[in-house]
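A structural walkthrough
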2 protein chains.
Amino acid sequence: MSDAVLVIGGGPAGLEAAKSAADLGARVILVEKREHLGGTPDEAGYAALTPNFEPAQEALERMRAGVLDRPEVTIHLGSRVVDASGEAGAFSVTLENGAGERTEVEAGAVIIATGFQHFDPGRETQMYGYYEFPDVITLVDAERMLSQHKFVRPSNGEVPRSVAFIQCVGSRDRRLGNEYCSKVCCGISSKQAIEVRKLLPDTRVYIFYIDMRMYGFWENQIYWPAQEEYNVNYVRGIVTEIVQKDGRLLMKGEDTTMGRPMEVLMDVIVLAVGMEPSQGTKEVSRTFNVPQDKYGFVHVPGEPMDAVSTEVPGVFVAGAAAGPKDLEDSVSMAGAAAAKAVALVRRQGAA
Amino acid sequence: MSDAVLVIGGGPAGLEAAKSAADLGARVILVEKREHLGGTPDEAGYAALTPNFEPAQEALERMRAGVLDRPEVTIHLGSRVVDASGEAGAFSVTLENGAGERTEVEAGAVIIATGFQHFDPGRETQMYGYYEFPDVITLVDAERMLSQHKFVRPSNGEVPRSVAFIQCVGSRDRRLGNEYCSKVCCGISSKQAIEVRKLLPDTRVYIFYIDMRMYGFWENQIYWPAQEEYNVNYVRGIVTEIVQKDGRLLMKGEDTTMGRPMEVLMDVIVLAVGMEPSQGTKEVSRTFNVPQDKYGFVHVPGEPMDAVSTEVPGVFVAGAAAGPKDLEDSVSMAGAAAAKAVALVRRQGAA
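Residues numbered from 1 in each chain as written. Chains lettered and ligands numbered in written order. Predicted model: local features only at pLDDT ≥ 70, side-chain atom pairs only at ≥ 80, totals over all residues. Heavy atoms only, no water.

1. Considering the sheet that holds strand β2 (residues 27–31) of chain A
All names here are of chain A. What counts here: A pair of strands is treated as paired once DSSP finds two or more bridges between them. Each helix corresponds to a stretch of at least 4 residues labelled H or I by DSSP, and each strand to a stretch of at least 2 residues labelled E; elements are numbered beginning at the N terminus. Axis definition: a line fitted to C-alpha atoms, limited for helices to the stretch in contact. Angles are taken between N-to-C directions and run from 0 to 180 degrees. Only heavy atoms matter for contacts: two residues are in contact if any of them lie within 4.5 Å across the pair.
Across the sheet, five strands lie side by side as β3-β2-β1-β7-β17; this open sheet has parallel pairing. Each edge of the sheet is formed by a strand with only one pairing partner; in this case those strands are β3 (73–76) and β17 (315–317). When the angles between neighbouring strand axes are averaged without regard to direction, this sheet yields 20 degrees. Pairing between strand β7 (residues 109–112) and β17: three bridges, direction parallel. Counted as the bridge partner of Ile-111 is Phe-316 from β17. Helix-sheet contacts for helix α1 (residues 12–23) involve β1 (4–8), β2, β3 and β7, and the interaxial angle to β2 is about 165 degrees.

Here it is in structure tokens:
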């Protein structure tokens with residue numbers, strides 16, 4: 001028996017889960033494979049959050065403060081879960097740090113918050129030339145530049161005259177096996193498009209999309225401002241090939257609104273790469289014998305009425321380890337998972 | 001000082017919030033204006049949930065069981081919140097039942113789970129003739145028929161030869177002031193389309209859409225099955241007018257994929273009505289001085305990193321009271337709000 005909650009992953013979902021469980025008075029063990037808390041938004045150097053444009057590091061700093069220097073929370077940085085046994089109320093888990101040192105911890109409940117990784121646009125989609133042309137970049141590369149308040153052509157450091165975003169790279173693609181929509185790329189691309197236009201008012205910015213999934217309030221928060229205040233151009237179209245021409249990038253495809261072929265010259269092309277389960281998500285699922293869906297995300301059998309319980313009693317999931325999630329989804333799932341985990345360890349303790 | 005959590009609204013979000021708080025050992029007061037728990041899915045007679053097709057009443061029964069006959073949970077049915085004072089840790093709230101009897105309750109924290117109401121398609125959109133033609137119905141009317149395992153022309157009780165769904169009725173409409181996307185209608189229409197095809201294999205079913213917002217896994221769970229297994233026809237188009245012709249409904253508009261006008265005869269037309277804040281959401285917000293957005297939904301200032309805290313300390317929100325939400329969103333928010341509410345009353349109690 002253990003009254004501790006083990007949270008695996010120190011990104012937004014993990015930080016929120018750990019804080020919520022600690023706020024409820026539970027003992028929390030937080031494990032993060034990197035030497036730093038913050039997860040993908042930190043590791044990938046996000047500039048600003050979607051949709052509110054808050055600097056990512058400010059938001060992460062606030063979330064880190066929720067778990068640091070608290071007597072209830074023990075943090076293992078640079079550590080991975082390498083083995084687990086036991087059951088709800090009494091899991092024994094082996095952690096290993098970079099030096100190969102192992103630690104055994106006991107936990108009554110587990111929250112998997114190991115997140116996603118960005119689709120690698122070199123895999124099976126060479127038509128976009130990500131590894132061939134330095135000026136073809138991803139949303140992640142763009143965020144990294146924007147977080148330094150700049151946006152240039154990587155090939156020569158010059159200001160681009162024209163920038164194109166290509167949506168659904170690695171998502172909604174049956175050939176790749178990723179049929180799902182990654183949910184956030186439409187919003188993030190539109191946010192970045194606004195940021196580029198703010199930085200570079202003379203640069204034309206285009207978003208080439210299948211459809212814009214601006215659910216809820218994003219339509220007002222990002223899509224209309226992008227068009228009306230920042231003159232971002234949205235073109236419904238399919239890009240089939242990118243080649244180099246006169247030192248620029250020639251984008252070939254079809255404008256599907258006009259129903260005609262298009263060939264346009266761009267200086268920078270940003271690939272809106274989707275979400276895949278992270279290596280950690282796949283490994284931790286196996287370690288706890290948690291069934292995964294065919295993509296490798298943690299399977300959540302009780303959806304839609306329970307978005308956080310896995311098929312293994314006592315093991316919960318929060319954030320994009322369970323599939324494409326936005327930040328609101330991730331932090332809400334984290335709070336819900338913390339509530340269920342703490343209720344479980346309390347119940348076990350009382351029994 | 002009170003260690004109780006007041007949950008206002010007995011739909012999915014309220015039931016989950018009440019259960020989560022009780023599971024954490026808190027005293028819970030659950031207030032529901034109707035004489036029955038279950039919220040909109042119950043009141044509107046939903047047939048099956050999106051995306052998993054579970055019978056709605058089975059899911060609701062499971063959720064009701066989470067709060068009924070529990071010593072921690074006091075339930076006030078047929079009651080509304082009519083007054084409130086105090087602050088985080090010590091709210092005094094007046095409830096009133098149908099007989100006009102008033103009860104005072106004390107609560108340390110409040111969770112608003114008062115949900116949404118469906119857009120009234122008579123308001124400013126007479127072009128669809130909802131109040132004119134009996135065979136023009138809404139998603140809600142369709143659910144009610146489907147929950148009785150039937151789907152007929154309301155005008156004459158006959159099996160329809162052709163059924164059309166029209167998306168985005170009351171959503172994404174600047175003229176109406178509802179610019180937001182209601183998030184769930186694409187999924188629900190596709191689910192209903194599948195149900196109609198299952199019941200009536202000789203009926204043609206069409207979905208007329210602006211774009212299909214099948215985020216996350218819905219693309220695989222609903223959209224592809226609808227097309228490939230159930231032969232539902234998706235037509236990108238705009239419907240501008242519905243008139244009666246030869247005892248059927250003539251739908252006029254434009255097929256925007258083909259870029260040409262269309263006129264098609266239908267027997268039943270289902271309007272995919274969006275979400276607006278319920279009367280209860282607007283009233284309760286005012287009672288607790290909780291700022292609302294311009295649509296009347298509860299404003300959540302901390303998004304995206306906190307989807308459940310309102311601008312009033314101690315008052316949280318879960319579900320569609322805060323804007324268009326799907327069921328996963330609603331129950332995750334409910335768990336997160338319960339965690340924050342219980343942590344607050346514990347902290348106050350300890351202070």
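Here the narrative resumes.
2. Here we look at the pattern of salt bridges
Any two side chains of opposite charge can pair, on the condition that their charged atoms come close. Residues and elements named next belong to chain B. Quick reminder of the rule: One speaks of a salt bridge when a side-chain nitrogen belonging to Lys or Arg is within 4 Å of a carboxyl oxygen belonging to Asp or Glu. Relative accessible area decides the class of each residue, using a 1.4 Å probe on protein chains only: under 20% of the type maximum gives buried, over 50% gives exposed, and in between gives partly exposed.
Scanning all chains against the criterion turns up 56 salt bridges over all chains. The salt bridge involving Glu-283 is made with Arg-80; its shortest N-O contact spans 3.8 Å. With a gap of 203 residues between them, Glu-283 in helix α7 (residues 279–287) and Arg-80 in strand β4 (residues 79–87) connect regions that are remote in the sequence. Taking the relative accessible area as the measure of exposure, Glu-283 reaches 32% and is therefore partly exposed.

3. As for the interface of chain A and chain B
Filter applied, for reference: Buried area is calculated as the accessible area (1.4 Å probe) missing from two parts once they are joined, with the contributions of both summed. Nitrogen and oxygen atoms within 3.5 Å of one another constitute a polar contact, given that in protein one can donate a hydrogen and the other can accept it, and given that sequence-neighbouring residues count only through two side-chain atoms. Only Asp, Glu, Lys and Arg are considered charged, only Ala, Val, Leu, Ile, Met, Phe, Trp, Tyr, Cys and Pro nonpolar, and every remaining residue, Gly among them, polar.
Contacts between the two partners involve 56 residues from chain A, matched on the other side by 56 residues from chain B. Carbon and sulfur atoms supply 56% of the area that chain A and chain B bury against each other, a total of about 4400 Å² over both sides. Scanning the region where chain A abuts chain B turns up eight salt bridges. The closest approach of N and O atoms between Arg-172 of chain B and Glu-219 of chain A, which form a salt bridge, is 3.2 Å. For the pair chain A and chain B, the number of links is 20 residue pairs in polar contact (both at pLDDT 80 or more). Mapped onto the side of chain A that touches chain B, the elements with two or more residues apiece are α1, α3 (56–65), α6 (218–228) and α8 (327–350) of chain A. Per-class residue counts for the side of chain A that touches chain B are 29 nonpolar, seven polar and 20 charged.

4. Digging into the relation of the copies chain A and chain B
Stated precisely, the cut-off is as follows: Superposing the copies works by least squares over the C-alpha atoms of residues that have pLDDT at least 70 in both of them.
Screw-axis analysis of chain A against chain B gives a translation of 0.0 Å along the axis, an RMSD of 0.0 Å, and a rotation angle of 180 degrees. Such a turn and shift between the copies fits a two-fold axis. Residues of chain A ranked by C-alpha distance from the rotation axis are headed by Ala-336 of chain A, positioned 2.2 Å from it. In this assembly the copies share their binding face: 100% of the residues contributing to the interface of chain A also contribute to that of chain B.

5. Let's talk about the packing of aromatic side chains
How two aromatic rings sit relative to each other is given by the distance of their centres and the angle of their planes. Just so we agree on the cut-off: The aromatic pairing rule takes the rings of Phe, Tyr and Trp, using the six-membered ring of Trp, and pairs them if the centres are within 6.5 Å, calling planes under 30 degrees apart stacked, those over 60 edge-to-face and the rest tilted.
Per the stated rule, a full pass over the model turns up 25 aromatic pairs over all chains. With 5.9 Å between their ring centres and 85 degrees between their planes, Tyr-180 of chain A and Phe-217 of chain B make a pair best called edge-to-face. One end of the pair, Tyr-180 of chain A, is in the loop between β10 (162–169) and α5 (185–199); the other, Phe-217 of chain B, is in the loop between β11 (204–209) and α6 (218–228), on a second chain. The pair Tyr-180 of chain A / Phe-217 of chain B is uniform in exposure class, with both members buried. Each member of the aromatic cluster is reached from another via a ring pair, and the members are Tyr-180, Tyr-295 and Phe-297 of chain A together with Phe-217 of chain B.

6. Here we look at unusual backbone geometry
What you tend to see is this: most non-glycine residues have negative phi, and most peptide bonds are trans. Look at the link from Thr-50 of chain A to Pro-51 of chain A: it is a cis peptide, with omega at 5 degrees. Its location among the elements puts Pro-51 of chain A in the loop between α2 (39–43) and α3. Even without glycine at this site, His-149 of chain A takes up a positive phi of about 55 degrees. Assignment of secondary structure puts His-149 of chain A in the loop between α4 (139–147) and β10. Owing to a relative accessible area of 65%, His-149 of chain A belongs among the exposed residues under this scheme. Backbone geometry at Cys-168 of chain B places phi at a positive 60 degrees, although glycine is not the residue there. Along the polypeptide, Cys-168 of chain B turns up in strand β10 (residues 162–169).

7. Some points on the pairing of β1 of chain A
All names here are of chain A. Formally: Handedness of a crossover is defined as follows: orient the strands so they point away from the viewer, and if the path from the first strand over the helix to the second runs clockwise, the crossover is right-handed.
Among the five residues of β1, five are classified as buried, and the element is accordingly described as predominantly covered. Pairing analysis gives five bridges linking β1 to β2, with the strands arranged parallel. Within the sheet, the bridge partner assigned to Val-7 lies in β2 and is Leu-30. Each parallel crossover has a hand, and the one from β1 via α1 to β2 is right-handed. Alignment of β1 against β7, held across four bridges, turns out to be parallel. By the bridge assignment for β7, Val-7 is matched with Ile-111.

8. A look at the pairing of strand β15 (residues 268–273) of chain B
Residues and elements named next belong to chain B. Most of β15 is tucked away, with six of its six residues classed as buried. On β15, burial covers both faces: Val-268, Val-270 and Ala-272 on one face and Ile-269, Leu-271 and Val-273 on the other are all buried. By the bridge criterion, three bridges tie strand β9 (residues 136–138) to β15 in an arrangement that is parallel. Looking at the pairing, Val-136 lines up with Ile-269 of β15.

9. Side note on the domain arrangement of chain A
Interface size is commonly expressed as the accessible surface area that is lost when the partners come together. Residue and element names in this part refer to chain A. Quick note on the threshold: Note that domain bounds follow an automatic or database assignment of domains.
One can read the domain layout of chain A as domain 1 (4–115 + 278–350) and domain 2 (119–274). Spacing between the C-alpha centres of domain 1 and domain 2 amounts to 32 Å. Domain 1 puts 17 residues into the contact, and the matching count from domain 2 is 22 residues. Here domain 1 and domain 2 share an interface that buries about 1500 Å² over both sides, 62% of which is from carbon and sulfur atoms. Interface area lost by domain 1 to domain 2 is led by Thr-50, Phe-53 and Pro-324, which between them contribute 34%. For the interface between domain 1 and domain 2, the tally reads two salt bridges.

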